Amino acid sequence: MPRGRILRWLIVLGGLHLLVACAGFLAPYDPIQQDREHPYLAPTRVHLVDAQGQLHLRPFFYGPRLKDGSFDQFEEDTSKPIPTHFFASGARYKLLGFLPCKVHLFGTAGTRLYLMGSDGLGRDQFSRILYGGQISLLSGLLGAVFTLLMGALIGTLAGFFGGWRDSLLMRLAELFLALPWLYLLFALRAFLPLTVSPLKAFLLVIVGLATVGWARPARLVRGVVLSAKERDFVRAARGFGAGNGYLLRHHIVPETSSVLLTQAAILVPQFVLAEMTLSFLGLGIPEPAPSWGNLLASLQQFSVLVSYWWMYLPAVAIVPFVVGYQGLANALHLDEAAEKIEVQRGGDPS
Amino acid sequence: MRYLLHRLVQGVLLLFGVSILTFLFSTLAPGNYLDEMRLNPQISSATLDALRSEYQLDRPLPMRYARWMNSIAHGELGYSFAYNTPVAPLLWVRARNTLLLTVTATLLAWALALPLGVWSAERRGRWPERALSWFTATLLVVPDLVLALGLLILTVRSGWFPTGGIASVGFENLSPAGKAQDLAMHMALPVAALVLSALPILVRHIRAAVAEVLDAPFLRAAAAHGIPRRKLLFSYALRAAANPLIALFGFSVGTLLSGSLLVEIVMSWPGLGPLLLEAILARDLYVVIGGVLFSTVFLVAGNFLADLLLYWADPRIRIVAGAR
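Computed from a predicted model, the values in this text were never measured in an experiment.

**Considerations on the overall build of chain A**
So, step 1. Along chain A, the regular secondary structure elements total 13 helices and four strands.
So, step 2. Here chain A holds 350 residues, and 38% of them are scored as buried.
So, step 3. For chain A, long-range pairs separated by at least 24 residues make up 68% of all intrachain contacts whose partners lie at least 6 apart in sequence.

Have a look at this one:
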C-alpha cells in the first residue's frame, strides 16, 4: 500500500517542480526588468466582460492610470481594453536552463500585465515568484544532496570501520546536533564575506546548509551500517574473501538507501525554509536575483507590511511544496516500517 | 547522583567543543572587522596596524583562543569591535530577554500540548480529534517565517497588541502591576508565534506516546478497578509514556531557541536575535561567538533539566546509576 502513496506524492511533487522549472515559459516577463512608473501596483484584474457589458472571447485587462490628484494610487483605465495573447513571444530566456527560447505562455503588447502585482521597482511579482522558486528549490535540493553525501560518507566510515574513527566522528556529530541550527547557520554566515555575487552566495548557502545538517543523516546511516555489517550474508561474503570495497559497494551502501531517501524528503523543505530565512534577513541570495526569501525581505518595512498584501504571496508559494514533501516523507516512513516488519518475519526485503 | 554528575560533565565538555569549533570557523573565514575599515580613506594604515595589534588579530590562533578563554574567566567573553565594550554585559541584557521569551513559550507550549495530546490519544478517530489533527497538520506546513509575518500583519491591522519592542514609552512610571501587564502585552505576539510553531510537533508526539501505552494491560486493569478516567489518563498513562516525552522536551528547547532567533528579528524583540544579526553584518566576531555560546549554554541547561526530570520520573535510571 505505501508504494502507491509514495508514487502519488512523487507525481504531485514532480508536477510542482515542473511548474517552477518552466518558470521562463510560464512567467510573462524577465524577473529583473523594472517599470519605475508603476511601483507597488496591485494585481491586475483580468476581464472577460468590458465596461460596456460586452463579452470578449479573448481575456483582456485595463492598463493602470493615476487617480485624479494622486501620485501613487492607480485605477483601471477603462477606456482601452488591452488584449492578452497566448504563446506570445517576449523576453528571451533559457528553458530548463539550456534551451534558448522566447515563447511565453501568455503575454501582452505594450502595457504589462501584473497578475500578482508589482514590487517597489515595478518588477512583475508573478515572474519573480516563479524564478525565485527556481533558486530557493535548487538550493534546498542541492543542499540536501550535499548533506546526504556528506552524512552517508561519514556515517559509513564511522559505522563500518568503528574504533576511534567511530567515536571521534560521532562526538563531532553530537556537537553539531547540540547547537541550535539557526544559530550555527548564522555563525557560519558571519564568518564568510558579506557582499558576494548571487552565484557565490548561492554556493555559500548550500555549503552552509550541508555543514549544519550532516550530523543527523550521518548518525542514522551509521546505525544502518552497524546492523548491516553483522547480517549473515555479509559475514558469508567476507568469509568468501570479499574485500572492504566490495562489501561496501554491494552489501552495505545499498542498505542505507531507504534511510537516505526518507531523510531527503525531510531535509529538502527544511533547507528551502532555511534559505528563505537567510535571504529574508539579507544573509542569503542578494538582489537583484529573486528568491522566495529576499522577495519577502521588503516586508521588513512597516509601510510595505501594512499596505501591499501581494508582497506576502511568495510566502504562500512555499506551502504546497512543504505539504508535498511532508506527505512523501510520511509515505516513505511507512514503507520503511513495513520493510522492517518483513525482515523481522524472515521475508526477503527486496 | 552520579548519573547527573556524568551528564553535567558532558554538558561542560560540549560547551568546550562548541567554543573551539566556532573559534576555528571564525579564523578559517576570510576577512574581519578591520577589513571594512580599510575601505575608509580617512583611516591610515598605521592606525589599522595599531588596532590590529590592540585587538591581537596578528597573533596565532592558539594564543587568541587562550586569551579569549582568559577573558571568559574574567566574565568578559572577548571584546566587541563595534560597541567598544566587553561582550558579556552586552549579551547578558539581550540574553535575559531571549530567555524570558523562550522559557515562557516552552512552558506555555507544553501546558497546551499535554492536555491536547492526551485528550486526542484517548479519542482517536472521533471528529473533535480529527479536527485537532487537521489543525496541527495545517500548522505543521506553515513555515515559522510565514507564521511570524502573518501574526505581525494581523496585530498591526487589528491593533490588539503592541508590536515591536519590549516596553511602552514611559514604562518606568508604571506601577508594578502595570509593568507586568505592559510586559505581557508586548510578549503576547512573539510568544504566540513560538507556541504555534512548536505546538503541532509536541501534540503529535504526545499523542503517539500516550496512544502506545493506552492499550497496555495494566491500564485496562486499572480501568476495571474503577479508577476515574481523568486520573487514569493523566497520572497513570502519562507517567508510563513520560520517557520519550522528556527527551522531546530537551529537543524542543533547541527548536524554540532557533525559532525565537527568527521571531525576535521579525517582531523586533530586543533579544539575542537582532544583536546577532547586527553583529554579523558588522563582522563583530566575538559578539557572534558569544551569542552562539550563550545559546548553547541555554540548550545544555535545557537538556540538563530534561535529565533531572528523567531521573525523577524513571526509577530504572536511579537504580542503574546507583548500582554503578
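We are not done yet, so read on.
**Quick notes on the confidence of the model for chain B**
Low-pLDDT stretches of the model should not have their predicted coordinates read in fine detail.
Residues and elements named next belong to chain B.
So, step 1. With 93% of its residues at a pLDDT of 70 or more, chain B shows a mean pLDDT of 81.
So, step 2. At the low end of the mean pLDDT range in chain B sits helix α14 (residues 315-323), at 67; at the high end sits helix α5 (residues 87-122), at 88.
So, step 3. Quick note on the complex model: pTM equals 0.83, ipTM equals 0.79.

**Here we look at the domain arrangement of chain A**
So, step 1. Looking at the assigned domains, one finds that chain A contains domain 1 (44-113) and domain 2 (130-340).
So, step 2. The C-alpha centroid of domain 2 of chain A is placed 41 Å from the C-alpha centroid of domain 1 of chain A.

**Overview of the nonpolar core**
So, step 1. If you look at the biggest cluster of nonpolar residues, it comprises 149 residues, and the most contacted ones within it are Leu185 of chain A together with Ala148, Leu194, Val210 and Val288 of chain B.
So, step 2. Looking at which domains feed residues into this core, each of domain 1 (44-113) and domain 2 (130-340) of chain A gives three or more.
So, step 3. When near neighbours in sequence (up to four residues on either side) are disregarded, Val210 of chain B contacts Gly117, Val118, Ala121, Ala237, Leu238 and Ala241 of chain B.

**Brief notes about the sheet that holds strand β3 (residues 74-95) of chain A**
Strand pairing in a sheet relies on backbone hydrogen bonds. The paired strands run either parallel or antiparallel.
All names here are of chain A.
So, step 1. Here we have four strands laid out as an open sheet, ordered β1-β2-β3-β4, and antiparallel in their pairing. Taken across any chain shown, the strands that pair with only one partner, and hence form the sheet edges, are β1 (47-49) and β4 (99-108). Mean inter-strand twist for the sheet, computed between neighbouring axes without regard to direction, equals 50°.
So, step 2. One ladder, built from six bridges, connects strand β2 (residues 55-66) with β3; its direction is antiparallel. By the bridge assignment, Pro64 is partnered in β3 with Glu76.

Rules behind the numbers
- Residues numbered from 1 in each chain as written.
- Chains lettered and ligands numbered in written order.
- Predicted model: local features only at pLDDT ≥ 70, side-chain atom pairs only at ≥ 80, totals over all residues.
- Helix = DSSP H or I, 4+ residues; strand = E, 2+ residues; numbered from the N terminus.
- Buried ≥ 20, exposed ≤ 12 C-beta atoms within 10 Å, placed from the backbone.
- Contact = placed C-beta atoms within 7 Å.
- pLDDT = per-residue confidence, 0-100.
- Domains from an automatic or database assignment.
- Core = buried A, V, L, I, M, F, W, Y, C linked by C-beta atoms within 7 Å.
- Pairing = 2+ DSSP bridges.
- Axes fitted to C-alpha atoms, helices over the stretch in contact; angles between N-to-C directions.

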